[in-house]
Amino acid sequence: TSLYPEAAQKTAKVGYMRQLSAEGVLSLKPDAVIGTTEAGPPVVLDQVWAFVAPGLDSHEKKRVLPLVVSSTVLFFLGVAFSYFFVFGKVFHFIQGFAPKSITAAPDIEAYLSFVMTMFIAFGAAFEVPVAVVLLARLGVVTIEQLRKFRGYFIVAAFVIAAIITPPDVVSQLALAIPMVILYEF
């Protein structure tokens, strides 16, 4: 028996309602999921800034504000780079392995998981200049130490890219090369 017999009767009349899976629910609004995930970090950053800003004096605000703005812009540049450049190359590369008679049709859950992972990975990778500037300004590292660490960073960038991206060379190179280039700036 049901606590809500009217709802159970209506559900029985519309049988498909009982078989909605998580994939079915996700397929209803994939743009909303992507939009919320991409719009979320600026909102969270705004809330953190609203909490921290009253405790800072004017000269501290002048130092922190460029970092906040540049990190937001760089994150979205990384997402845009991933969307406009990397996705086309990766999907073309993956499609090249399939026979011509097979059409790739990933389920929505796998696709969204891939897209979100790539967006966050590229957004974070484009934060390298902010991290380097912050470490140098705080005195944790010097310019000379950054120069000596360059070779290790190149290896680390490729290892990070190999772990984060799908197992294909194109996406690994597309993530590691911008990280190395951004380290130089």
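## Some points on the overall build of the protein chain
Tallying secondary structure elements over the protein chain gives nine helices and zero strands in all. Secondary structure elements of the protein chain occur, N-terminal to C-terminal, as α-α-α-α-α-α-α-α-α. Across the 185 residues that make up the protein chain, the buried fraction comes to 25%. For the protein chain, the exposed area adds up to about 12700 Å²; of that, 69% sits on carbon and sulfur atoms.

## Description of the packing of helix H4 (residues 58-95) against helix H9 (residues 169-184)
The geometry of H4 relative to H9 is characterised by a closest axis approach of 8 Å and an angle of 155° between their N-to-C directions. When the axis of H4 is compared with that of H9, the two are roughly antiparallel. As H4 packs across H9, the resulting crossing turns out to be right-handed. Contact residues: H4 offers Phe81, Val86, Lys89, Val90 and Phe93, while H9 offers Val169, Val170, Ser171, Ala174 and Pro178. For the contact of H4 with H9, the per-class residue count stands at eight nonpolar, one polar and one charged.

## Section: the packing of aromatic side chains
Overall, the coordinates contain 11 aromatic pairs when judged by the stated rule. Pairing phenylalanine 87 with phenylalanine 114 gives two aromatic rings, centres 5.8 Å apart and planes at 35°, and the pair type is tilted. Taken as a pair, phenylalanine 87 in helix H4 and phenylalanine 114 in helix H5 (residues 108-125) lie far apart in primary sequence, 27 residues in all. Chaining the aromatic ring pairs together yields one cluster made of Tyr83, Phe84, Phe87, Phe114 and Phe119.

## Here we look at the pattern of salt bridges
As enumerated under the stated definition, the model contains two salt bridges in all. For glutamate 144, the salt bridge is made with arginine 147, and the minimal N-O distance between the two is 3.7 Å. You can see glutamate 144 and its partner arginine 147 sitting in helix H7 (residues 143-148), three residues apart, about one turn around the helix. A relative accessible area of 42% places glutamate 144 in the partly exposed class. Overall, the relative accessible area of 47% leaves arginine 147 in the partly exposed class. In this structure, glutamate 184 and arginine 150 form a salt bridge, with 2.8 Å as the shortest nitrogen-oxygen distance. Highlighted residues: glutamate 184 in helix H9 and arginine 150 in helix H8 (residues 150-164), separated in sequence by 34 residues. Glutamate 184 gets classed as partly exposed once you look at its relative accessible area, which sits at 41%.

## What to know about the confidence of the model for the protein chain
For the protein chain, mean pLDDT is 76; residues scoring 70 or higher make up 76% of the total. Across the protein chain, the secondary-structure element scoring lowest on mean pLDDT is helix H2 (residues 22-28), at 46, and the one scoring highest is H8, at 90. Across residues 10-28, where pLDDT falls below 50, the model places nine contacts with residues more than four positions away in sequence or in other chains.

## What about the nonpolar core?
Counting 30 residues, the largest nonpolar core has Phe122, Val128, Leu175 and Met179 as its most contacted members. Of all the elements in the fold, those that place two or more residues in this core are H4, H5, helix H6 (128-137), H8 and H9. The dominant element in this core, judged by the number of residues it contributes, is H5, at eight residues. Other than its neighbours up to four places away in sequence, methionine 179 contacts Ala125, Val128, Phe153, Ala157 and Ile160.

## A short note on a nonpolar patch on the surface
On the surface, a nonpolar cluster with roughly 440 Å² of combined accessible area is contributed by Val155, Val159, Ile160, Ile163 and Ile164. Secondary-structure assignment places isoleucine 164 in helix H8. A relative accessible area of 34% places isoleucine 164 in the partly exposed class.

## Observations concerning the side chain of serine 71
Note that serine 71 resides in helix H4. Once residues within four sequence positions are removed from consideration, serine 71 is found in contact with Glu127 and Val130.

About the criteria used
Residues numbered from 1 in each chain as written. Predicted model: local features only at pLDDT ≥ 70, side-chain atom pairs only at ≥ 80, totals over all residues. Heavy atoms only, no water. Helix = DSSP H or I, 4+ residues; strand = E, 2+ residues; numbered from the N terminus. Buried < 20%, exposed > 50% of the residue type's maximum accessible area, 1.4 Å probe, protein only. Areas by Shrake-Rupley, 256 points an atom, 1.4 Å probe, with all protein chains shown as cover. Axes fitted to C-alpha atoms, helices over the stretch in contact; angles between N-to-C directions. Parallel < 35°, antiparallel > 145°, perpendicular 65-115°, else oblique. Left-handed = near helix turned anticlockwise from the far one by under 90°. Contact = heavy atoms within 4.5 Å. Nonpolar A, V, L, I, M, F, W, Y, C, P; charged D, E, K, R; others polar. Phe/Tyr/Trp six-rings, centres within 6.5 Å; stacked < 30°, edge-to-face > 60°. Salt bridge = Lys/Arg side-chain N within 4 Å of Asp/Glu carboxyl O. pLDDT = per-residue confidence, 0-100. Core = buried A, V, L, I, M, F, W, Y, C linked by side-chain atoms within 4.5 Å. Patch = residues over 30% accessible without salt bridge, like charges linked within 9 Å, V, L, I, M, F, W, Y side chains within 5 Å.

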